[in-house]
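Analysis of the macromolecular model
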Amino acid sequence: MRSPLLRILGVALLGAAIVVILSIKLNAFRDYQIAEIAVYVTAIAGLTVLTGLSGQISLGNGAFMAIGAYTTALMLAHLGWPFVAVLVVAGIVSAATGAIVGVAAARLHGPYLAGVTLMLGVALPFLAFVYPSTLGGDQGLNVVYTQPAFLGANFPLTRWQAWVSSAVALVVLVLLANLGRSRVGRNWRAVRDDEVAAALAGINVAQARVLAFVVSAACAGLAGALLAVITALVAPGAFTITLSIALLTGAVIGGLGTLFGAIWGSLVIVLVPVYATDVATSHGLSTAVASNIPIAAYGVVLILVMLIFPQGIQGGVLYLLRLLGISAARPSHEASTADAMPSAGETPARPHEKEGTQ
Amino acid sequence: MKRSRSQRLRVPAIAVIATAALAVAACSSSSSSGSSTGSGSSSSAALTASAPGITATTITIGSHQPLTGPAAPGYSEIAPASAAYFAYVNAHGGVNGRKIVYKYLDDAYNPTTTASVVRQLVLQDNVYAIFDGLGTPTHLAVESFLNAQKVPDVFVASGCDCWNQPATDPETFGWQLDYVREGKILGQYIAQHFAGKKIGYFYQDDEFGMDGVKGLDMEIPKSMVVARQTYVPTNVNIGPAVAALHAAGAQVVVSFSIPAFTALLKLNGLKLGYSPTLVVSNVGSDPITLSGLLEAYAKQGGATVNGNQLTAGIITDGYLPTLGDASNSWIALFKKVHDTYDAKAPFDGNVLYGEAVAYTFVQAMLKAGRNPTRADLVNAINAGLPQGPAVAPYAYSSTDHAGVTGAYIGVINNGVETQEGSVLTTDTSASGAVTTVTATQQAAPASGIPSP
């Protein structure tokens, strides 16, 4: 398995096999959770590439999810296209919006960029209130999506949802992993580490930054489309600023800039609140206390991960593997699993990029 | 290449990580198997596990509630109050000997979370029914799922008339007075008592406000309405809307608003020296909540006000007996239950609501039979329920899934709402008249538990 592409595909196939086995073994609610996790993986993978590789922050990726979700709802309701086509269009529409935001973003840095994307995340869901006849206002739009007939009437819907969502998530991960290893990914890292140096090396800095936003928005749009069909509803209440912040939190907890980190982060976001609720309710705590335990648990996990593994869970996993003497985990690799610090000092990559661009 | 060795080793490493990741997901699967779906015989004496969520000793029901987040203040009291009434029933023999287990999960008023927690309750915890799911956008996210799964979806905590669609959503039932009926009842009162005055509307820009306005417009002549202003619940800057009502010279303002915005309406008006007569929907007029909010907001603005003074004169409506009426047998019952099982919460409108809707559920369960299936519960409600704690009868039939059909007009004074005039009832059509309910409400059963 010399070729990175073959290796990535191999891992993806392994992931697909695990999802299929789990979805058959586990109950219907766990299938639904797998679908939920896949939605978050899709969105967080896009964000972790944007923030971790190109060095731009976004507090507005929930808004891109909303765009994907509403596009899906409107197309399924009015056009009746096949879901795959709808999914592609949802991704394209979000990507186009991402391009517009990206043009503004390319001129902004740090807190200013955070501010602009925050505004997007807060304001965009309100369009639903401005155009209630088209977008359904506060109560949103119903999304009718039935599973294909060839599965038979007794095939559990949640298992099908888990399969579809996981398939999309895996395709996105494979594409992003390749992108991260390609010239585009190297350009992003160069821009992140030193814009002036990157520009001197012949990289079109603005173009690289806009492209990162486009990719990230497309992923969020796909995630939104999946979310729309698994929850069967799009409503502004589902795309509040809390969602955008949850996505960023997931990326950071998992390990910024790493695709495996996106998976860890999604597992934490989806599973921790459910566990915490189960624990809290089974110990007979009063409602006022019990209902806040999941939020507290979420916070504790965030603090602990940041204290113990500043590189996120994936950083911690790599560290533990290294302790166990599994040298594969050495962060020498240039691809998406490498974290910011070691690759920053990795100068030999530069000449390649120079030769690659222009 | 130096890298190739490490790459070869990476494959098992990645496999280990992937397996570990999914093992985490796998571990989380509590091995709850689907409970048996039994036959629906109701004649046999022995208690059987007749439906998912029903065992010989328990009935497990679930709900989604905003226990945290923006909708939590006030609304988070409802589910514990329902649980308090169920605890009372359980302590007095339960429903046909079965104890009610009420599992309500937090959805933070986010439809995505609602979709998730309700699937957890139905697919994993195998609840018998979803009871009192709170909120319009949140519950809409699960309505079609519950109907597809044939799970009874009873007494949704929202006045949207969207729950009354027995043809497409046969499992779903509303409970509280819907906003269209409420608008008609308030509208008739305004048309009769404020003839010739200029009327302004102030309402939440969603189905809650718009349904209410629909009802108001059926009763109030269009020529009387001089201004229609809306707000969205996430924007507290309602100054321009209040100024517009002021500028239009509205002498009476009808407000379909949640408590926070009723308080803001009042305070913004005071700032402009504008004090129209306020007519506020039931949802936004709980005197205890309002008074607290008024004092808190004024304090934030550096002023001190007396909340009860500011709420004086507000006209509203109620479909449950007034809280302050200690002589009412229903209030006495629910106060007793509250003091025993939910004493930490204030005895306010939310608690009364939670207990009253729980009472209705017990009514329906007793009617559903000794060993009910899920269909038995739906059929029992379709056959109609006797009037309970609400001041007007329920509308339930196989073709009507709306709940309470009427209310009285109330006036707030000294922080207490008092009933004015008799109970009024109507339907949701433009032609249906608002009429007086002549029958007096039956007293609460002495045992506190509905008779089958």
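Because the structure is a prediction, the values reported are computed rather than measured.

1. Here we look at the overall build of chain A
Within chain A, the secondary structure is distributed over 18 helices and two strands. A compact globule built from 358 residues would reach a C-alpha radius of gyration of about 21 Å, and chain A, at 20 Å, matches this within 12%. Expressed as lengths along the three principal axes of its C-alpha atoms, the size of chain A is roughly 55 × 50 × 45 Å. Residue burial in chain A is summarised as follows: out of 358 residues, 53% are buried. Residue pairs at least 24 apart in sequence account for 78% of intrachain contacts in chain A once pairs closer than 6 positions are excluded.

2. Remarks on the overall build of chain B
Helix and strand counts for chain B stand at 14 helices and 13 strands. Relative to its length of 452 residues, chain B is compact, with a C-alpha radius of gyration of 25 Å against a globular reference of 22 Å. Across the 452 residues in chain B, those meeting the buried criterion constitute 55%. A separation of at least 24 residues holds for 68% of the contacts in chain B among residues at least 6 apart in sequence.

3. Description of the pairing of strand β9 (residues 277-280) of chain B
Residues and elements named next belong to chain B. Bridge count between strand β8 (residues 252-256) and β9: four bridges; the pairing is parallel. Within the sheet, the bridge partner assigned to V254 lies in β9 and is V279. Between β8 and its parallel partner β9, the chain crosses via helix α9 (residues 259-271), and the hand of that crossover is right-handed.

4. Describing the sheet that holds strand β4 (residues 153-156) of chain B
Residue and element names in this part refer to chain B. If you trace the five strands from one edge of the open sheet to the other, you get β2-β1-β3-β4-β5, paired in parallel fashion. For this open sheet the edge positions go to β2 (99-106) and β5 (172-174), each flanked by a neighbour on one side alone. Sheet twist, expressed as the average angle between the axes of neighbouring strands with direction ignored, equals 25°. Taken strand by strand, helix α3 (residues 78-91) contacts β1 (58-65) and β2, and its axis lies near 170° from that of β2.

5. With respect to the pairing of β4 of chain B
All names here are of chain B. Strand direction decides the pairing type here: strand β3 (residues 129-131) and β4, joined by two bridges, are parallel. Bridge assignment links I130 to a residue of β4, and that residue is D153. Taken together, β3, helix α5 (residues 136-148) and β4 constitute a β-α-β crossover, and its handedness is right-handed. When β4 meets β5, the two strands line up parallel, connected through two bridges. Across the sheet, the residue bridging to V156 is G174, located in β5.

6. Some remarks on the confidence of the model for chain B
Residues and elements named next belong to chain B. Across chain B, the average pLDDT comes to 86, with 90% of residues at 70 or higher. Segment residues 1-43 is flagged for pLDDT under 50; beyond a separation of four residues in sequence, or across chains, it makes 66 contacts in the model. Across the interface, the model reports ipTM at 0.78; the global pTM reads 0.80.

7. Quick word on the domain arrangement of chain B
Residues and elements named next belong to chain B. One can read the domain layout of chain B as domain 1 (58-177 + 323-404) and domain 2 (180-318). Taking only C-alpha atoms, the centre of domain 1 and the centre of domain 2 are 29 Å apart. With nine residues of domain 1 at the contact, the number on the domain 2 side is 10 residues. Considering only residue class, the side of domain 1 that touches domain 2 consists of three nonpolar, four polar and two charged.

Reading the values: the criteria
Residues numbered from 1 in each chain as written. Chains lettered and ligands numbered in written order. Predicted model: local features only at pLDDT ≥ 70, side-chain atom pairs only at ≥ 80, totals over all residues. Helix = DSSP H or I, 4+ residues; strand = E, 2+ residues; numbered from the N terminus. Rg over C-alpha atoms; globule rule 2.2 N^0.38 Å. Buried ≥ 20, exposed ≤ 12 C-beta atoms within 10 Å, placed from the backbone. Contact = placed C-beta atoms within 7 Å. Pairing = 2+ DSSP bridges. Right-handed = clockwise from strand over helix to strand, strands pointing away. Axes fitted to C-alpha atoms, helices over the stretch in contact; angles between N-to-C directions. pLDDT = per-residue confidence, 0-100. Domains from an automatic or database assignment. Nonpolar A, V, L, I, M, F, W, Y, C, P; charged D, E, K, R; others polar.

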